[in-house]
Amino acid sequence: MDEERIDAEHDALVADVFSAACASRTLLEHVTGRWGVLALVALDDGVFRFNALRRRVQGVSEKMLAQTLQALERDGFVHRDARPTIPPHVEYSLTPAGREVARRLRELIEFVEAAVPDAVAAQARYDEAKARISG
């Protein structure tokens, strides 16, 4: 009975990211935060153990990566496979939903990387214009 009620409530949800109370905002925050984007796209390359993923996502602290992975796991984008060995063997991979999100994020990353030369030139023009106004 509880499952039926939960399923009915779930089906009744209407996502609106512009609504302050919408759960999609939290998902969007987890996915598009600096470490979420990088972790998801890195995991799109395959299965990683924690330290290997941390090396791949340069600059992330152990604490931030752990928090990011936990949030993405809770949201259903990351799968954590913990094997009861000594020492523990934990691997992270993407769920089907995580792969879809990572694919879309990779497209955005590729677009941004291609735009770097134009963005650097725009920044220089902006800085020159600001300096002329200030100086």
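J.: Even after reading the chapter, I still don't get the overall build of the protein, so can you show me in this structure?
T.: Tallying secondary structure elements over the protein gives six helices and three strands in all. Helices and strands in the protein line up, N terminus first, as α-α-α-β-α-α-β-β-α. In summary, the protein has a C-alpha radius of gyration of 20 Å against a globular reference of 14 Å for 135 residues, an excess of more than 25%. Considered along the principal axes of its C-alpha atoms, the protein spans approximately 70 × 45 × 25 Å. A burial count over the protein gives 26% of its 135 residues as buried.

J.: In this structure, what is going on with the side chain of T95? I would like to understand it.
T.: Considering the arrangement of structural elements, one finds T95 in the loop between β3 (89-94) and α6 (96-134). The residues touching T95, leaving out its near neighbours within four places in the chain, are G76, F77, V78 and H79.

J.: Looking at this structure, I do not really get the sheet that holds strand β2 (residues 78-83). What am I missing?
T.: Within a beta sheet, neighbouring strands are joined by backbone hydrogen bonds and run either parallel or antiparallel to one another. Taken together, three strands build an open sheet; the order of strands is β1-β3-β2 and the sheet is antiparallel. The open sheet has two free edges, formed respectively by β1 (48-49) and β2, since each of these has just one partner strand. Sheet topology places β2 next to β3; six bridges connect them, and they run antiparallel. Directly across from D81, in β3, lies its bridge partner E91.

The rules behind these values
Residues numbered from 1 in each chain as written. Predicted model: local features only at pLDDT ≥ 70, side-chain atom pairs only at ≥ 80, totals over all residues. Heavy atoms only, no water. Helix = DSSP H or I, 4+ residues; strand = E, 2+ residues; numbered from the N terminus. Rg over C-alpha atoms; globule rule 2.2 N^0.38 Å. Buried < 20%, exposed > 50% of the residue type's maximum accessible area, 1.4 Å probe, protein only. Contact = heavy atoms within 4.5 Å. Pairing = 2+ DSSP bridges.

Just geometry here; none of it tells us what the structure is for.
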